[in-house]
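An overview of the molecular structure
These are the residues of each chain, in order.
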Amino acid sequence: MTDGDTDLSGPDLTGPAPAPDGPVSVVDYSERIPNNVGLAADRRLQRALEAWQPRFLDWWGALGPSLPTRDVYLRTAVAIGRDGWASWSRVPMEQYRWGIFLSERDEPRQIAFGKHKGEPAWAQVPGEYRSELRRLIVVQGDTEPASVEQQRHLGATAPSLYDLRNLFQVNVEEGRHLWAMVYLLHAYFGRDGREEAEQLLHRHSGHPDSPRILGAFNEETTDWLSFFMFTYFTDRDGKYQLGTLKESGFDPLSRTCEFMLREEAHHMFVGTTGVQRVVQRSAAVTAEHGTDDIWRHGAIPLPVIQKYLNQHYSLSLDLFGSETSSNAAAYFTAGLKGRWMETRRHDDHLLTDATARIPVVDDGQISTRTVPALTALNLDLRDEYVADCERGLRKWNGDLAKAGLDWRLTLPHVGFNRQVGAFTGHCISPAGELIGADDWAGHAAGWLPTADDRAQVAALMTPHYEAGDFAGWLAPPPTGINDLPVEYDYVRF
Ligand code: BYC
């Protein structure tokens with residue numbers, strides 16, 4: 001399992017997740033679609049995926065990274081197992097080998113929760129849960145290409161070749177995660193699945209008629225501060241959602257998500273260290289000049305970093321759905337989607353009699369109400385996520401303290417700026433006070449990025465394409481990628 005703390009410890013790019021026990025299975029790269037799922041033995045499935053592949057490449061060409069490059073130093077998944085799973089080389093991005101990988105397991109797995117608890121995990125989709133499973137896979141699959149679309153133009157303003165390479169690494173792996181979901185749709189859902197796979201390329205982030213399914217994936221990622229916040233907060237939702245799907249009774253989904261989580265650790269690393277490097281530079285410049293107003297010194301004021309944080313955190317909280325959800329209860333009871341670290345929890349894994357407290361806004365006050373725990377599972381996951389988010393903040397705040405500043409970054413109240421769930425339609429300050437609409441309007445510019453903040457951040461976003469050169473608004477990283485020097489030319493034009 002990917003651990004939330006691993007991304008704080010350094011660039012562990014080999015993927016810190018403990019591999020499942022079992023033999024290392026090497027991927028056959030002579031095939032058009034590298035895989036460890038025995039694709040060659042299933043001609044129909046292979047043909048269906050080979051037909052989808054050119055459409056994926058067309059989509060990548062049209063809506064993937066817009067900056068032309070010659071090659072990029074990339075990690076490619078090549079095997080499963082404890083002794084390494086990735087190879088590293090310079091690759092022309094359009095020739096990246098997007099493959100299909102499932103974690104391997106020695107032991108047959110048992111379903112760990114819900115009404116099928118103790119039964120063998122399913123190798124096929126149970127007919128009664130077909131549409132729910134398809135829905136979960138489609139929602140997950142939809143986010144992957146969406147993020148690539150959102151980040152499409154960031155290459156034009158990369159603060160260094162090191163960062164540019166990290167952006168492209170994240171992008172190709174989100175592309176691979178799309179492949180992972182498309183494989184499940186094609187292999188297990190017949191014609192419906194193939195149609196859904198087409199739709200995953202048809203919907204586009206922010207498209208007025210055919211947007212991506214979840215709200216946060218229709219926002220633009222306009223600058224690198226947004227990118228770092230997105231990889232910190234929104235990719236972290238990905239980590240937690242994948243962690244619950246990894247518990248699924250549908251074994252191919254579980255094994256797929258387990259493998260995806262290894263790649264996800266690098267995305268967390270990009271977010272954690274990206275924000276950290278911005279904070280370090282802003283802290284140093286603030287301390288040096290004794291003022292928050294550091295735009296003219298080429299750095300981003302700490303209050304503006306806080307506003308970006310407020311926005312990305314609140315948008316990402318929306319991705320957990322409502323605090324009470326009959327969908328979540330049904331997914332759990334059916335054994336389709338578990339809880340974070342399900343097998344480590346000390347309860348009956350059925351939750352039929354359990355209760356939970358959820359927040360409610362009632363009579364002009366924020367209070368709590370008791371509901372069946374089964375219906376509060378979105379909140380259960382969100383609470384785990386919030387605790388994980390706090391860990392990164394402690395790290396960043398440590399850097400502020402080291403710089404001798406009293407300023408601290410904070411997570412706003414969970415009700416702040418919400419569009420989904422119990423707080424929707426209420427004005428709640430970052431400190432958690434329920435306020436009136438006028439009060440909100442008077443303060444919003446201090447809480448969320450304004451057009452002027454965005455313009456000032458955008459003005460700092462100039463490309464730095466010389467090896468070892470870094471933009472002045474963030475600190476260079478302490479180490480390079482995969483033991484290479486920080487000054488390595490990670491991307492060639
Ligand atoms: N925007 O019962 P509710 C990642 C819909 S990120 C728009 O509260 P439920 C990644 C909801 O679909 C992880 N609509 O929701 C990160 C439902 O509609 P239907 C992605 C929303 O079902 C970075 C209705 O409102 N994976 O991997 O309990 C880069 C009622 O809502 C939103 C997953 O999310 C929203 N924010 O929970 C790349 C895992 N929220 O079904 C990748 C799979 C809710 O009634 N998805 N709605 O038409 C799920 O488990 C659930 O669908 C959700 C929603 C947790 C998203």
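Residues numbered from 1 in each chain as written. Predicted model: local features only at pLDDT ≥ 70, side-chain atom pairs only at ≥ 80, totals over all residues. Heavy atoms only, no water.

What follows concerns the overall build of the protein chain. Of the regular secondary structure elements, the protein chain holds 12 helices and nine strands. Its C-alpha atoms give the protein chain a radius of gyration of 22 Å, within 12% of the compact-globule value 23 Å for 493 residues. In terms of overall dimensions, the protein chain has a C-alpha envelope of 65 × 60 × 40 Å along the principal axes. Burial analysis of the protein chain (493 residues in total) assigns 57% to the buried set. Put simply, 73% of the contacts in the protein chain that link residues at least 6 apart link residues at least 24 apart. Of the roughly 19300 Å² of accessible surface on the protein chain, a fraction of 49% belongs to carbon and sulfur atoms. (Helix = DSSP H or I, 4+ residues; strand = E, 2+ residues; numbered from the N terminus. Rg over C-alpha atoms; globule rule 2.2 N^0.38 Å. Buried < 20%, exposed > 50% of the residue type's maximum accessible area, 1.4 Å probe, protein only. Contact = heavy atoms within 4.5 Å. Areas by Shrake-Rupley, 256 points an atom, 1.4 Å probe, with all protein chains shown as cover.)

Here we come to the packing of aromatic side chains. Under the counting rule described, the total for this entry stands at 33 aromatic pairs. The interplanar angle of 75° and the centroid separation of 5.7 Å between the aromatic rings of tyrosine 73 and tyrosine 488 together place this pair among those described as edge-to-face. Of this pair, tyrosine 73 sits in strand β2 (residues 71-77) while tyrosine 488 sits in the loop between α12 (451-460) and β9 (491-492), and the two are 415 residues apart along the sequence. An angle of 85° between the planes, with centres 6.2 Å apart, marks the rings of tyrosine 240 and tyrosine 385 as edge-to-face. Of this pair, tyrosine 240 sits in helix α6 (residues 224-245) while tyrosine 385 is found in helix α10 (residues 377-402), placing the two residues 145 residues apart along the sequence. Each residue in the set Trp52, Phe56, Trp59, Trp60, Tyr96, Trp98 and Trp179 is aromatic and connected to the rest through ring pairs, giving one cluster. If you follow arginine 454 out to its NZ or CZ, it ends over the ring of tyrosine 308, 5.4 Å from the centre. (Phe/Tyr/Trp six-rings, centres within 6.5 Å; stacked < 30°, edge-to-face > 60°. Lys NZ or Arg CZ within 6 Å of the ring centre and 35° of its normal.)

A separate point is the sheet that holds β2. Read across the open sheet, the three strands follow the order β4-β2-β9; overall the sheet is antiparallel. Two strands lie at the open edges of the sheet, namely β4 (86-91) and β9, each paired on one side alone. With respect to the sheet, helix α4 (residues 161-188) is in contact with β2, β4 and β9, its orientation differing from that of β2 by roughly 40°. (Pairing = 2+ DSSP bridges. Axes fitted to C-alpha atoms, helices over the stretch in contact; angles between N-to-C directions.)

Near the ligand lie 29 residues; those nearest to it are Gln140, Ser322, Ser325, Lys337 and Asn378. For the ligand, an oxygen atom lies 3.4 Å from a polar atom in the side chain of threonine 143. Here an oxygen atom of the ligand sits 2.6 Å away from a polar atom, N or O, in the side chain of lysine 337. Protein chains bury 81% of the 1000 Å² of accessible surface belonging to the ligand in isolation. Broken down by secondary-structure element, the contributors of at least two residues to the shell around the ligand are α3 (130-150), α6 and α9 (326-334). Among the elements that line the shell around the ligand, the one with the most residues is α3, at seven residues. Each residue belonging to the shell around the ligand can be placed in one class, and the counts come to 10 nonpolar, 12 polar and seven charged. (Near = heavy atom within 4 Å. Polar contact = N/O pair within 3.5 Å; in protein donor to acceptor, adjacent residues only side chain to side chain. Nonpolar A, V, L, I, M, F, W, Y, C, P; charged D, E, K, R; others polar.)

Here the focus is unusual backbone geometry. Positive phi outside glycine occurs at histidine 349, with the angle close to 60°. By the element assignment, histidine 349 lies in the loop between α9 and β5 (355-362). Phi at asparagine 417 takes a positive value of approximately 60°, unusual for a residue other than glycine. Residue placement: asparagine 417 occurs in the loop between α10 and β7 (427-428). Residue class for asparagine 417 comes out buried when judged on its relative accessible area of 19%.

At a closest axis distance of 11 Å, the pairing of helix α8 (residues 302-318) and α12 adopts a crossing angle of 110°. Overall, the two elements α8 and α12 adopt an arrangement that is roughly perpendicular. The two elements α8 and α12 meet at a crossing, and its hand is left-handed. On the side of α8, the interface is formed by Val304, Lys307, Tyr308 and Gln311, while α12 contributes Asp453, Arg454 and Val457. (Parallel < 35°, antiparallel > 145°, perpendicular 65-115°, else oblique. Left-handed = near helix turned anticlockwise from the far one by under 90°.)

Let us now look at the pattern of salt bridges. Going through the model one piece at a time under the given rule, you end up with 25 salt bridges. Here aspartate 251 makes a salt bridge to arginine 109, at a shortest N to O gap of 2.6 Å. Of the two residues, aspartate 251 sits in helix α7 (residues 251-289) while arginine 109 sits in the loop between β4 and α3, which places them 142 residues apart along the sequence. Here the two residues aspartate 251 and arginine 109 agree in accessibility, since each one is buried. Aspartate 399 is the partner of lysine 402 in a salt bridge, and the nearest nitrogen-oxygen pair spans 3.5 Å. With a gap of three residues between them, lysine 402 and aspartate 399 both fall in helix α10, about one helical turn apart. Of the residues examined, lysine 402 reaches a relative accessible area of 71% and is grouped as exposed. According to the relative accessible area criterion, aspartate 399 is buried, its value standing at 10%. (Salt bridge = Lys/Arg side-chain N within 4 Å of Asp/Glu carboxyl O.)

Both β5 and strand β6 (residues 365-372) contribute to a ladder of eight bridges, which runs antiparallel. Bridge pairing in β6 places alanine 356 opposite valine 371. Between the end of β5 and the start of β6, which pair antiparallel, lie two residues, with aspartate 363 showing a positive phi angle near 55°.

For the rest of this paragraph, the subject is helix α2 (residues 43-63). Here α2 spans 30 Å end to end across 21 residues, near enough to the 30 Å set by a 1.5 Å rise per residue. If you check which residues of α2 are buried, you get Leu45, Gln46, Ala48, Leu49, Glu50, Trp52, Gln53, Phe56, Trp59 and Trp60. If you follow the buried residues of α2, they end up packed against α3, α4 and α5 (190-202). (Expected span 1.5 Å × (residues − 1).)

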